[in-house]
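# Geometric and topological summary
This is what each chain is made of:
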Amino acid sequence: MISELVSSNKCYGGWHQQWQHTSEDLQCSMRFAIFLPPQIENSSRVPVLYWLSGLTCTDENFMQKSGAQRIAADLGIAIVTPDTSPRGAGVPDDPNQADDLGLGAGFYVNATEPPWNQHYQMYDYVADELPSLIESQFPVTQQRAIAGHSMGGHGALVIALRNPQRYSSVSAFSPISHPSDCPWGRKAFAHYLGPDDGMTWQRYDACELLALSTPHLPVLIDQGTADQFLSEQLKPGALLKAAEQAGYPISLRMQPDYDHSYYFIASFIEEHLRFHAQWFDH
């Protein structure tokens, strides 16, 4: 659990830092970023938003492109962004070097199939190991929210729905809503989890989990109508239908003309941070 500081930069009165540590769950060295708002200078502990990024991303994409630090500094919220997969020598990758499997594409599951099962335990890492490290080493409370984009939106929804007692709210941009029924998800799940047995894949599919998750968390989802992956990969309609059938209230907003990029995320990240802030206990 011992971490090594990689970089530290003053930002909106707080600090953006990158840290490296050895992960027991992933059996490799991992890097994460954290934004610590200026409120910690007064010995205040602050709640945490965990942000999960999408395919090909690292801890850097959200921190460099979203503009979230300005709002987080105002609200007194720490932001933690893990990497999207294990990394390093010996960590398997897609032999065809595709973007949707292997390095940068952990899909936030616990892999059960070789060669992935030794390192690709991203569900446990995000849900358990990383929060334990953050809460033991930084001036934060145990209040958590979780959010993400695309593959990370899938991860945020799944982790929150399976652990509603650990999070006060969840939000997502352009999530892979029904991975059991889209090309990205089917490919990743088949490699990481093996053939669909009617149960294993469903444990990592938000559409399936909505009917099983209680209590209900506040959920905010934004999806751009000009997203090039909308109909084939993301399928927000399936998520909305599943939520209605389960009686699980969610807010799913279709944003006209927005695409899948960080321009979209930057346009609405303030609303997401303020959404999470209202559910933290102050």
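Keep in mind it's a predicted model, so treat the numbers as computed, not measured.

### Section: the side chain of Asp-205
- Note on placement: Asp-205 falls in the loop between α5 (183-193) and α6 (206-209).
- At 2.9 Å, the side chain of Asp-205 forms a polar contact with the backbone nitrogen of Cys-207.
- Not counting residues within four places of it along the chain, the set of residues in contact with Asp-205 comprises Val-158, Ser-177, His-178, Pro-179 and Ser-180.

### What to know about unusual backbone geometry
- A cis amide bond, omega 0°, links Pro-114 with the succeeding residue Pro-115.
- With respect to the helices and strands, the residue Pro-115 is situated in the loop between β5 (78-82) and α3 (122-137).
- Residue Pro-215 is reached from Thr-214 by a cis peptide bond, and omega for that bond is 0°.
- Looking at the element boundaries, Pro-215 is found in the loop between α6 and β8 (219-224).
- A positive phi angle, close to 60°, is found at Phe-107, a residue other than glycine.
- Note that Phe-107 resides in the loop between β5 and α3.
- Positive phi outside glycine occurs at Ser-150, with the angle close to 60°.
- Along the chain, Ser-150 falls in the loop between β6 (140-149) and α4 (151-162).

### Concerning the packing of helix α2 (residues 68-75) against helix α9 (residues 262-277)
- Orientation of α2 relative to α9, taken along the N-to-C sense of each, is 25°, at an axis distance of 9 Å. When the axis of α2 is compared with that of α9, the two are roughly parallel. For the pair α2 and α9, the sense of crossing is right-handed. For the pair α2 and α9, contact is made by Ala-68, Arg-70, Ile-71, Ala-72, Asp-74 and Leu-75 and by Ile-269, Glu-270, Leu-273, Arg-274 and Ala-277, respectively.
- Among the residues making up the contact of α2 with α9, the classes are represented as 7 nonpolar, no polar and 4 charged.

Definitions and cut-offs
Residues numbered from 1 in each chain as written. Predicted model: local features only at pLDDT ≥ 70, side-chain atom pairs only at ≥ 80, totals over all residues. Heavy atoms only, no water. Helix = DSSP H or I, 4+ residues; strand = E, 2+ residues; numbered from the N terminus. Polar contact = N/O pair within 3.5 Å; in protein donor to acceptor, adjacent residues only side chain to side chain. Contact = heavy atoms within 4.5 Å. Axes fitted to C-alpha atoms, helices over the stretch in contact; angles between N-to-C directions. Parallel < 35°, antiparallel > 145°, perpendicular 65-115°, else oblique. Left-handed = near helix turned anticlockwise from the far one by under 90°. Nonpolar A, V, L, I, M, F, W, Y, C, P; charged D, E, K, R; others polar.

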